[in-house]
Amino acid sequence: MEILETAHLRMPRLGLGTWPMKGDDCTAAVISAIGMGYRHIDTAEMYGNEEAVGAGIAQSGVARGDIFLTTKVWNDKPKGDAIRRAFDASLQRLATPYVDLFLIHWPSPELDLPDAMRALAAIRAEGRAKAIGVSNFPPRLLQRAIDEGVGLACLQVEHHALLDQSRLRAICAANGMVLTSYSPLGKGNAPSDPVLQAIGRKHGVTAAQVALAWLMTMPGVSAVPKAASPARQAENMAALDVRLDADDLAAIAALPKDRRYVNPGMAPDWVNG
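The structure contained in this document is the topic of the report that follows. (Residues numbered from 1 in each chain as written. Predicted model: local features only at pLDDT ≥ 70, side-chain atom pairs only at ≥ 80, totals over all residues. Heavy atoms only, no water.)

The next thing to look at is the overall build of the protein. Looking only at helices and strands, the protein features 11 helices and 10 strands. Relative to the compact-globule value of 19 Å for 273 residues, the protein shows a C-alpha radius of gyration of 18 Å, a close match. For the protein, the spread of C-alpha atoms along the principal axes amounts to about 55 × 45 × 35 Å. Each of the 273 residues in the protein was classed as buried or not, and the buried ones make up 55%. Put simply, the protein shows about 11,100 Å² of open surface, and 52% of that area lies on carbon and sulfur atoms. (Helix = DSSP H or I, 4+ residues; strand = E, 2+ residues; numbered from the N terminus. Rg over C-alpha atoms; globule rule 2.2 N^0.38 Å. Buried < 20%, exposed > 50% of the residue type's maximum accessible area, 1.4 Å probe, protein only. Areas by Shrake-Rupley, 256 points an atom, 1.4 Å probe, with all protein chains shown as cover.)

So this is what it looks like as structure tokens:
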């Protein structure tokens with residue numbers, strides 16, 4: 001598995017997204033993915049599956065130190081003390097003494113950004129999160145968070161062949177951060193795109209594999225597609241071996257890049273500003 005490495009983290013480039021899996025199905029998916037070679041698992045407090053993810057890791061037979069585990073705190077904790085309490089609860093549910101990456105899941109207008117950044121930095125200093133970051137922060141807010149100077153390692157956002165995130169990628173690149181793409185298949189819409197399907201036929205692969213391979217061409221970008229079945233997990237992993245040529249990349253670049261499928265429930269200026 002290819003590894004992205006920065007001053008702040010070492011992250012397997014392809015991971016397993018676990019939203020909205022729950023319970024035994026989620027545990028089984030985690031065990032299957034790890035057995036297949038996945039070493040990057042993504043969860044969150046809001047997903048309601050941290051116990052199941054932790055059980056899957058524990059039952060996988062792979063040492064905890066060989067797994068890159070991400071979790072996130074929900075945006076109803078806008079201040080540092082609440083973030084720290086939520087993090088403690090996440091560790092208990094995951095049954096692990098640390099996570100590899102801890103993110104603020106969504107911003108909110110009530111977010112006390114300096115206090116939240118101090119809380120993240122303190123958790124990292126205690127060794128209970130190896131790296132810290134944010135998710136779903138728009139460009140201006142991301143830059144403000146970076147300017148707090150705590151050494152953010154990662155931004156996680158919706159990102160796929162139908163949604164341009166070049167502004168955020170540029171900010172991440174300038175600050176030594178990884179951009180992790182969630183919903184990298186556009187909530188299932190990207191694989192139905194005729195252009196991606198045609199490229200897939202050309203290479204003898206699926207359109208979903210083309211969409212993931214496109215993300216893998218980008219420096220500093222990782223992806224966490226959700227995949228419950230072993231067959232889909234294997235399909236996603238095989239995308240790492242797909243090599244797109246210049247014509248493919250040009251065709252994908254020409255696709256509409258304004259298709260946002262995750263509704264944050266916020267005003268457009270908060271999302272895009």
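Glancing now at the nonpolar core. Core analysis: the biggest nonpolar cluster contains 76 residues, and M117, F137, L142 and L155 have the highest contact counts within it. The element contributing the most residues to this core is helix α8 (residues 207-216), with 9 residues. One finds F68, L101, A131 and C154 within the second-largest nonpolar core, a separate group that totals 10 residues. (Core = buried A, V, L, I, M, F, W, Y, C linked by side-chain atoms within 4.5 Å.)

This brings us to the packing of aromatic side chains. Working definition: an aromatic ring pair is given by the centre-to-centre distance plus the angle between the planes. Going through the model one piece at a time under the given rule, you end up with 2 aromatic pairs. Aromatic side chains W19 and Y47 sit 5.4 Å apart centroid to centroid with 40° between the ring planes, which places their arrangement in the tilted category. Within this pair, whereas W19 is found in the loop between β3 (16-17) and α1 (23-36), its partner Y47 is found in the loop between β4 (40-42) and α2 (50-59), the two being separated by 28 residues in sequence. Judged by its relative accessible area of 34%, W19 falls in the partly exposed class. Look at Y47 and you get buried, because its relative accessible area is 7%. Geometry around Y98 places R64 over its ring, the cationic atom sitting 4.2 Å from the centre. (Phe/Tyr/Trp six-rings, centres within 6.5 Å; stacked < 30°, edge-to-face > 60°. Lys NZ or Arg CZ within 6 Å of the ring centre and 35° of its normal.)

Let's shift gears to the sheet that holds strand β9 (residues 178-182). Pairing within the open sheet is parallel, and its 8 strands lie in the order β3-β4-β5-β6-β7-β8-β9-β10. Bordering the open sheet on either side are β3 and β10 (221-223), each of which pairs with just one other strand. Bridge analysis of strand β6 (residues 101-104) against strand β7 (residues 132-135) gives 3 bridges, and the strand direction is parallel. Bridge pairing in β7 places F102 opposite I132. In this fold helix α3 (residues 80-94) packs onto β5 (68-73) and β6, with an angle of close to 140° to the strand it touches most, β5. Against the sheet, helix α6 (residues 166-174) touches β8 (154-158), β9 and β10, its axis set at about 145° to β9. (Pairing = 2+ DSSP bridges. Contact = heavy atoms within 4.5 Å. Axes fitted to C-alpha atoms, helices over the stretch in contact; angles between N-to-C directions.)

So, on to α8. By the criterion of burial, α8 is predominantly enclosed, with 10 of the 10 residues buried. Of all the residues in α8, the buried ones are A207, A208, Q209, V210, A211, L212, A213, W214, L215 and M216.

To continue, consider the side chain of Q233. Take Q233: it is sitting in helix α9 (residues 230-238). Residues within four places of Q233 in sequence aside, it is in contact with L16, A29, S32, A33, M36, Y38, A227 and A228.

This part takes up α1. Relative to the 20 Å expected for 14 residues at 1.5 Å per residue, α1 spans 20 Å between its end C-alpha atoms, a close match to the ideal helical length. Buried within α1 we find C26, T27, A29, V30, S32, A33 and I34. The inward-facing, buried residues of α1 contact β3, β4, α2 and α9. Two residues or fewer past α1, G37 is found with a positive phi of approximately 120°. (Expected span 1.5 Å × (residues − 1).)

Turning to unusual backbone geometry, a few remarks are in order. For the bond running from W19 to P20, omega is 5°, close enough to zero to count as cis. Along the polypeptide, P20 turns up in the loop between β3 and α1. In this structure, A95 takes a positive phi of about 55° despite not being glycine. Here A95 is to be found in the loop between α3 and β6.

So, on to the pairing of β8. For β8, the tally of buried residues reaches 5 of 5 residues, placing the bulk of the element in the interior. In the sheet, β7 pairs with β8 via 3 bridges, with the strands oriented parallel. Looking at the pairing, G133 lines up with C154 of β8. Following the chain from β7 across helix α5 (residues 139-147) to the adjacent parallel β8, one finds a crossover that is right-handed. Note that β8 and β9 share 5 bridges and pair parallel. Within the sheet, the bridge partner assigned to Q156 lies in β9 and is T180. Traced from β8 through α6 to β9, the parallel crossover comes out right-handed. (Right-handed = clockwise from strand over helix to strand, strands pointing away.)

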